[in-house]
Amino acid sequence: MNPLHAVPGAVPQPPRSGSLTQVRVEAPGKVNLFLSAGAPGPDGYHPLTTVFQAVRLIETVTARRQAADLRGTITLTLAEPDPTVPTDATNLAVRAAALLAETTGVGDGVDLLLRKRVPVAGGMAGGSADAAAALVACNALWGTALTQAELAGLAAELGADVPFPLHGATAVGHGRGDRLTPLLARGSYHWVFATSAQGLSTPAVFRRFDELTPAAAAPADVPAALTAALRDGDAAALAAALHNDLQPAALDLRPQLAEVIALAESAGALRAIVSGSGPTIAALAPDPTTAAAVANALNASGLVAAALRADAPIAGARMVG
């Protein structure tokens, strides 16, 4: 049970009503620098060890107080309509606002405006960033005053990837990826993300991983070479240490992704790998000029929907207005 939920017999105390009329929050997408998966447990989930890095592909959620006669509902509007993104109660941002309201006893409702920049269904936690941004925005708008740790607890209820966009920067994730430990990362890293026109189902990738790989009972530890590369700000050493257990499964389901990896590396990327469960390919470049050349080559190839440049690491969810 969430520790924030009221205990039986307790007298619920209404939260302090917020005085703001609008709050805008930005939250980052992520790239997995390292991902190791163990054998699935009785609950069907694979234990993970992963290293997340927050990238400058930003989701923006604006939470607006509703008119008095409309209070009590949670609505979501997309700044740029996209038929692949739901706007009903299944959207993670709507679910985040609903969970915060239920937990704290708020009945005001909220109108959410969502501007997406993280590729949809690309393995970069765009939906999770939306949920993290909605939690921070509604917490401020409603004046519920939950701490970062309390928000992280709600984030973990919403999904394994949701706590990280709250945290940002670089972190090791354990369990389902939701138990985070900060990781020192010096310098700035230059990424190119090659997106696909069609998504790749995360459950399907994990099923194929189980078929292809006799998974170890527990995931592997983060290699010392990777943590040393981050500590030293050494992009070339980091590239050599990048690893994703799910890459063979993603390439098996979508063989053409191997061509994207090969093209990115031939265009100058230090290394290119599948990001998370895919289908996005993450290419690490040594500098901004090379990143631009890699993006241009990918965009001209016809192999990708788009190639997006982003630096990393950046901060987690934060109010910007």
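- Looking up the protein in an unreviewed UniProt entry gives the name 4-diphosphocytidyl-2-C-methyl-D-erythritol kinase, with the organism given as Actinomyces succiniciruminis.

### Points about the overall build of the protein
Move 1: Helix and strand content of the protein: 10 helices and 12 strands.
Move 2: Taken over the C-alpha atoms alone, the protein extends approximately 60 × 40 × 35 Å along its principal axes.
Move 3: By the burial criterion, 49% of the 321 residues in the protein qualify as buried.
Move 4: If you take every contact in the protein between residues at least 6 apart in sequence, the share linking residues at least 24 apart comes to 77%.

### Regarding the side chain of Ser277
Move 1: Structurally, the position occupied by Ser277 is in the loop between strand 9 (271–274) and strand 10 (281–285).
Move 2: If sequence neighbours within four positions are ignored, Ser277 has contacts with Leu200, Thr202, Val205, Leu246 and Ala250.

### Regarding the UniProt feature "domain: GHMP kinase C-terminal" (unreviewed entry) in the protein
Move 1: The sites that carry the UniProt feature "domain: GHMP kinase C-terminal" (unreviewed entry) are, in the present numbering, residues 228–301.
Move 2: Annotation note: span residues 228–301, helix share 58%, strand share 15%, distance between end C-alpha atoms 35 Å.

### Observations concerning the UniProt feature "binding site: ATP" (unreviewed entry) in the protein
Move 1: Per the UniProt annotation, the sites labelled "binding site: ATP" (unreviewed entry) are Pro119, Val120, Ala121, Gly122, Gly123, Met124, Ala125, Gly126, Gly127, Ser128 and Ala129. The annotated residues that sit in the lining of the largest pocket are Pro119, Val120, Ala121, Gly122, Gly123, Met124, Ala125, Gly126, Gly127 and Ser128.
Move 2: Relative to the helices and strands, Ala121 is located in the loop between strand 4 (110–115) and helix 2 (126–142).
Move 3: Discounting residues that sit within four places of it in the chain, Ala121 has contacts with Gly199, Leu200, Gly278 and Pro279.
Move 4: Structurally, Gly123 can be placed in the loop between strand 4 and helix 2.
Move 5: For Gly123, a relative accessible area of 17% corresponds to the buried category.
Move 6: Excluding its chain neighbours within four sequence positions, the residues that come into contact with Gly123 are Lys30, Asn32, Ser275, Gly276 and Gly278.

### Brief notes about the sheet that holds strand 10
Move 1: Sheet architecture is open: 4 strands sit in the order 9-10-7-11, paired in antiparallel fashion. In this open sheet, the two edge strands, each paired with only one partner strand, are strand 9 and strand 11 (306–312). Looking at each pair of strands side by side, their axes are set apart by 25° on average, direction ignored.
Move 2: Taken together, the 7 bridges between strand 7 (residues 189–195) and strand 11 define a ladder with antiparallel strand orientation. Across the sheet, the residue bridging to Trp191 is Ala310, located in strand 11.
Move 3: Together, strand 7, strand 9 and strand 10 form the strand contacts of helix 9 (residues 257–266), whose direction differs from that of strand 9 by roughly 160°.

### Topic: the nonpolar core
Move 1: Residues Val110, Leu112, Leu135, Cys138, Trp142 and Leu158 are the most contacted members of the largest nonpolar core, which totals 40 residues.
Move 2: Mapped by element, the contributors of at least two residues to this core are strand 1 (22–37), strand 2 (48–64), strand 3 (74–78), helix 1 (92–104), strand 4, helix 2 and helix 3 (148–158).
Move 3: It is helix 2 that provides the largest number of residues to this core, a total of 12 residues.
Move 4: Not counting chain neighbours up to four residues away, the residues in contact with Leu158 comprise Leu92, Arg95, Ala96, Leu99, Ala131 and Leu135.

### With respect to the pattern of salt bridges
Move 1: Enumeration according to the criterion identifies 9 salt bridges in this entry.
Move 2: Of the charged contacts in the structure, one is a salt bridge between Arg65 and Asp108, with a shortest N-O distance of 3.3 Å. Here Arg65 is found in the loop between strand 2 and strand 3, whereas its partner Asp108 is found in the loop between helix 1 and strand 4, with 43 residues between them in sequence.

### Some details on unusual backbone geometry
In most cases, non-glycine residues show a negative phi, while peptide bonds are predominantly trans.
Move 1: Residue Pro279 follows Gly278 across a cis peptide bond; omega there is 5°.
Move 2: One can find Pro279 in the loop between strand 9 and strand 10.
Move 3: Residue Pro313 is bonded to the preceding Ala312 through a cis peptide linkage, with omega at -5°.
Move 4: Mapped onto the secondary structure, Pro313 falls in the loop between strand 11 and strand 12 (318–319).
Move 5: Look at Ala125: it is not a glycine, yet its phi comes out positive at around 65°.
Move 6: Residue position: Ala125 is located in the loop between strand 4 and helix 2.
Move 7: Unlike most non-glycine residues, Ala145 shows phi in positive territory, near 60°.

### A closer look at the layout of surface pockets
Move 1: A volume near 1100 Å³ is recorded for the largest pocket.
Move 2: Considering the residues around the largest pocket, the lining is formed by 47 residues, among which Ala125, Ser128, Asp161, Thr202 and Ser277 are closest to the centre.
Move 3: Those elements that provide at least two residues to the lining of the largest pocket are strand 1, strand 2, helix 1, helix 2 and helix 5 (202–212).
Move 4: Residue contributions to the lining of the largest pocket peak at 5 residues, all from helix 5.
Move 5: In terms of residue class, the lining of the largest pocket is made up of 20 nonpolar, 19 polar and 8 charged.
Move 6: Two domains each donate at least three residues to the lining of the largest pocket, and these are domain 1 (22–183) and domain 2 (189–312).

Calculation criteria
Residues numbered from 1 in each chain as written. Predicted model: local features only at pLDDT ≥ 70, side-chain atom pairs only at ≥ 80, totals over all residues. Heavy atoms only, no water. Helix = DSSP H or I, 4+ residues; strand = E, 2+ residues; numbered from the N terminus. Buried < 20%, exposed > 50% of the residue type's maximum accessible area, 1.4 Å probe, protein only. Contact = heavy atoms within 4.5 Å. UniProt positions renumbered as here; feature names shortened; annotations may be inferred. 1 Å grid on protein atoms, 1.4 Å probe; cavity = no way out; pocket = protein on both sides within 12 Å on 5 of 7 lines; lining within 4 Å. Pairing = 2+ DSSP bridges. Axes fitted to C-alpha atoms, helices over the stretch in contact; angles between N-to-C directions. Core = buried A, V, L, I, M, F, W, Y, C linked by side-chain atoms within 4.5 Å. Salt bridge = Lys/Arg side-chain N within 4 Å of Asp/Glu carboxyl O. Points joined across faces, edges and corners; volume = space filled by probe spheres on them. Nonpolar A, V, L, I, M, F, W, Y, C, P; charged D, E, K, R; others polar. Domains from an automatic or database assignment.

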